[in-house]
There are 2 protein chains.
Amino acid sequence: MTHVVIVGGGFAGIKAARELGNKKDIRITLIDRKNYHLFQPLLYQVAMSALGPGDIAEPLRNMLAHFRNITVFKGIVESVNLQERKISTDFGDIDYDYLVLACGVKHHYFGNEHWEEYAPGLKTIAQATEIRRRVMEAYEAAERTTDPVARKKLLTFVIVGGGPTGVELAGSIGEMSRHTLSKFYRNIDPKLTRIFIVEAAPRILGSFAPELASRATRALEQLGVQIWSSSMVTNVDANGVQIGNERIESATVLWAAGVRAIGQGWNMDAETDRSGRIIVEEDLSVPGYPEVFVGGDQAHFAHYNNVPLPGMAPVAVQEGRAIARNILRDLKGKVRKPFKYNDKGQMATIGRNKAIVEVGKLKFDGAPAWLTWLLVHIYYLTTFKHRILVLMQWGWSYFTFGYGARLIVNKEWRFYPQKKPCATKTPS
Amino acid sequence: MTHVVIVGGGFAGIKAARELGNKKDIRITLIDRKNYHLFQPLLYQVAMSALGPGDIAEPLRNMLAHFRNITVFKGIVESVNLQERKISTDFGDIDYDYLVLACGVKHHYFGNEHWEEYAPGLKTIAQATEIRRRVMEAYEAAERTTDPVARKKLLTFVIVGGGPTGVELAGSIGEMSRHTLSKFYRNIDPKLTRIFIVEAAPRILGSFAPELASRATRALEQLGVQIWSSSMVTNVDANGVQIGNERIESATVLWAAGVRAIGQGWNMDAETDRSGRIIVEEDLSVPGYPEVFVGGDQAHFAHYNNVPLPGMAPVAVQEGRAIARNILRDLKGKVRKPFKYNDKGQMATIGRNKAIVEVGKLKFDGAPAWLTWLLVHIYYLTTFKHRILVLMQWGWSYFTFGYGARLIVNKEWRFYPQKKPCATKTPS
């Protein structure tokens, strides 16, 4: 019985698990710190109240229940010993014959991790809920205050980073403030909301063709988003961001700038790039350890066009599948195949009828791009139930210009004060 | 312009606001600590993963947007000065001509508030999410452990209190463990889950007729729920509950036993009962202060059958309406009417095809009661959109025996540790 241990139930991990599920003479252990698979590309919609957490997440146990050879554990990997073929977790050690690492990335502040308190990133549901809470609390506080300076600061949102996530967040806030919220407040005009994208590079959406990024810029401007490119954030505090000598006062700063691979504390014998991603061979294995594979955002695969593949769902899915198939080839005594990336292009959405799509030389924007984005995302949403529910919510929002339940859920569930300070545990 | 201040956006407050909305020469300020109205009767379904928070909550601003004379503030009342007709909030003082108090209740530990850490109650969405987290984490930990004693403790759930909420929670855990979870785990058999209802009174569901409570007891037993009546909990700790000389070891204890009215720290000149509810006149006003009304769970109205009306949604709705109409009568120079409660009966649900309904002398249980419960709850769910979405989710669950997204959402959104201890703010 060959024991395959998969760490991470994201796009790469779940794909590998499914390809190996119910295959003879293999048993699989999948470990994830969460109990669910998350459809990351729509996480910003949870942050912006358009969808609920349950719409884009599915328990891993549900997804894998019918594979009798897969055991799922909710747990955290603490170290990886490649020599002894063993990983240590918070619930004990686990030996493996094959190891598949697919833990993804977390956001990163380039040595300024204390900025996180003032500028949360968007990688988990808890973070999405926190961003939603901050955005909606800002409007509530603006409605309450009578001080025009405080109100202006509350109605100013800064997004650091002009990649797809930053653009999606900024576009959503723009749309919400211009279309949805206007009739809900008595003391403020949500249309006065100022939204900034602060990007260090000379332009936003650097991975797209310049003409598409330019059209996205115009679409954002129509929603009231101001783009500051070539602008490096030098400080973030409770009252705004500093960009060299310039400053924007803002009560709500969101971070969409940098990521770093999970697994920095694993003490693992493998070469990483400066983002902490593990550099892999053509077959996605770790050099010197053919029984260890890395997939998804955690992998640095530079054998396609000589640049590392981007951190996107299609890349992760393809890598997960390729890893599983190479393991199966091993077991059948066949020769492994190198991973061939099938580039299906990329897209980003800005708002209602506003998106950009780039597939090879084909580039388009506007309503056709938005419809493409919509159909592709609905199609890839994992389960049938989710697809229908999300479609209904989007349909509702589209025709009513409304958004979903803009609930502010308190972080604190207790009514009575606790005496001991609450310990915050650090995930790796 | 008569200024009506309503505190609380629950069933009573929202009904009063809607009745007064867009009425001439009235302006209304509604204050709530949350930004949403919560359909409390279905909160246990959020705790049990059958519904998401967004399914049973609706932003107050949405619900009241079309009433141009209503201003909504998210805030917390800190004190009420009846003599000066003024309330103090965390965002300043507010004067009123009429005051409507409808703040509801929170759970209560009879002087043992430190039990809350080990036995959360179910009154808010944050608490429902916390209960869900604890229940699902217990199964995850049971799947991981190899110690049979630890596993038994993890698969034991104790619900303190045998009222409708306690019964609904116990029934849901029973159903989930017997029907839904069995295929998802490899190392544990969720059917071995032990569920206890610990009730101090001689029987559960004391507000129902004895024969109905007896039938509910049988239905619960069929789902594996063990009922300990005449059992007073004497201690709760991290490892279980003590009932005099007896003890149940359990990793998950839930509190559905006592409630206490919000507003104990308000320093208000009004008589309360021992649950902190304000004793009101026949017209729902506070004795000596005809311009101050109390409705919903916060009111102690004993002019119907000489016992205080129960804390139920229909009572709150009717009281909210009566308060608003008496204010309108005042403004028209008419005489106020005493509040007449129209008793529509009560019901409780235990599980799939299992419920009890009592309307006057009419009593029934089983599938007809369950269908009645279902239709009534769907009907009263506030908005059209929610009704359809909830119906879809329930339909899905009914036919698949599945539950909704059993997401465990971490309380902590940060990746990086914070140095300062996080302060927990105490709501009144």
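No experiment lies behind these values; they were computed from the predicted model shown.

**Considering the overall build of chain A**
Each helix and strand counted, chain A has 10 helices and 25 strands in total. For 428 residues, the compact-globule formula gives about 22 Å, and the C-alpha radius of gyration of chain A, at 22 Å, lands near that figure. The C-alpha extent of chain A, read off along each of the three principal axes, is 70 × 60 × 45 Å. Pairs at least 24 apart in sequence give 65% of the contacts found in chain A among residues at least 6 apart. Of the accessible surface of chain A, which amounts to about 17300 Å², a share of 52% is contributed by carbon and sulfur atoms. Distance from the positive charge centre (54 side chains) to the negative charge centre (42 side chains) of chain A: 6 Å.

**Describing the domain arrangement of chain A**
Partitioning chain A into domains gives domain 1 (2–33 + 75–104 + 262–331) and domain 2 (108–258 + 345–400). Here the C-alpha centroids of domain 1 of chain A and domain 2 of chain A sit 32 Å apart.

**Some words on the nonpolar core**
Of all hydrophobic cores here, the largest spans 72 residues; its most connected members are A:Tyr139 and A:Leu205. With 10 residues, the single largest contributor to this core is helix α4 (residues 125–144) of chain A. Lining this core are residues from two domains, each supplying at least three of them: domain 1 (2–33 + 75–104 + 262–331) and domain 2 (108–258 + 345–400) of chain A. Once residues within four sequence positions are removed from consideration, A:Tyr139 is found in contact with A:Leu155, A:Phe157, A:Ile173, A:Ser177, A:Leu181, A:Tyr185, A:Ile188, A:Pro190 and A:Thr193. B:Ala213, B:Val357, B:Trp373 and B:Trp394 belong to the second-largest nonpolar core, a separate cluster that totals 70 residues.

**Considerations on the packing of aromatic side chains**
The full count for this structure, using the stated rule, is 24 aromatic pairs over all chains. Here the aromatic rings of B:Tyr304 and B:Tyr341 are separated by 5.2 Å at their centres, their planes lie at 85°, and the arrangement is edge-to-face. Linking B:Tyr304 in the loop between β22 (299–300) and α8 (313–331) with B:Tyr341 in the loop between α8 and β23 (346–351), this pair joins segments that are 37 residues apart in sequence. Here B:Tyr304 falls in the partly exposed class, since its relative accessible area comes to 25%. On the basis of relative accessibility, which here comes to 9%, the residue B:Tyr341 falls in the buried class. Within the aromatic cluster, the residues linked to one another by ring pairs are A:Tyr109, A:Phe110, A:Trp115 and A:Trp255. Directly above the aromatic system of A:Tyr36 lies the positively charged group of A:Lys34, at a separation of 5.7 Å from the ring centroid.

**Here we look at the sheet that holds strand β20 (residues 285–286) of chain A**
All names here are of chain A. What the 6 strands build is an open sheet, ordered β5-β2-β1-β9-β21-β20; its pairing is mixed. Either end of the sheet is taken by a strand with one partner, and the two such strands are β5 (70–74) and β20. Bridge count between β20 and strand β21 (residues 289–294): 2 bridges; the pairing is antiparallel. Residue pairing for β21: Ser 285 is matched across the bridge by Phe 293.

**Side note on the pattern of salt bridges**
Residues and elements named next belong to chain A. Scanning all chains against the criterion turns up 33 salt bridges over all chains. Residue Glu 221 pairs with Arg 218 through a salt bridge whose shortest N-O separation is 3.1 Å. In this pair, Glu 221 and Arg 218 both sit in helix α7 (residues 210–222), 3 residues apart, roughly one turn of the helix. Given a relative accessible area of 39%, Glu 221 falls into the partly exposed group. By relative accessible area, which is 45% here, Arg 218 ends up partly exposed. Put simply, Glu 130, Arg 133 and Arg 134 are held in one network by salt bridges that share partners.

**So, a positive patch on the surface**
Together, A:Lys23, A:Lys332, A:Lys334 and A:Lys337 make up a positively charged patch on the protein surface. Here A:Lys334 is to be found in the loop between α8 (313–331) and β23 (346–351).

**Overview of the sheet that holds strand β16 (residues 246–249) of chain B**
All names here are of chain B. An order of β14-β15-β16 is seen for the 3 strands of this open sheet, with the pairing classed as antiparallel. Two strands bound the open sheet, and with one partner strand each, they are β14 (235–237) and β16. Within the sheet, the average angular offset between the axes of one strand and its neighbour, ignoring direction, is 10°. Bridge analysis of β14 against strand β15 (residues 240–243) gives 3 bridges, and the strand direction is antiparallel. Across the sheet, Asn 235 pairs through a bridge with Gln 242, a residue of β15.

Conventions and cut-offs
Residues numbered from 1 in each chain as written. Chains lettered and ligands numbered in written order. Predicted model: local features only at pLDDT ≥ 70, side-chain atom pairs only at ≥ 80, totals over all residues. Heavy atoms only, no water. Helix = DSSP H or I, 4+ residues; strand = E, 2+ residues; numbered from the N terminus. Rg over C-alpha atoms; globule rule 2.2 N^0.38 Å. Contact = heavy atoms within 4.5 Å. Areas by Shrake-Rupley, 256 points an atom, 1.4 Å probe, with all protein chains shown as cover. Lys, Arg positive; Asp, Glu negative; His and termini not counted. Charge placed at Lys NZ, Arg CZ, Asp CG, Glu CD. Domains from an automatic or database assignment. Core = buried A, V, L, I, M, F, W, Y, C linked by side-chain atoms within 4.5 Å. Buried < 20%, exposed > 50% of the residue type's maximum accessible area, 1.4 Å probe, protein only. Phe/Tyr/Trp six-rings, centres within 6.5 Å; stacked < 30°, edge-to-face > 60°. Lys NZ or Arg CZ within 6 Å of the ring centre and 35° of its normal. Pairing = 2+ DSSP bridges. Salt bridge = Lys/Arg side-chain N within 4 Å of Asp/Glu carboxyl O. Patch = residues over 30% accessible without salt bridge, like charges linked within 9 Å, V, L, I, M, F, W, Y side chains within 5 Å. Axes fitted to C-alpha atoms, helices over the stretch in contact; angles between N-to-C directions.

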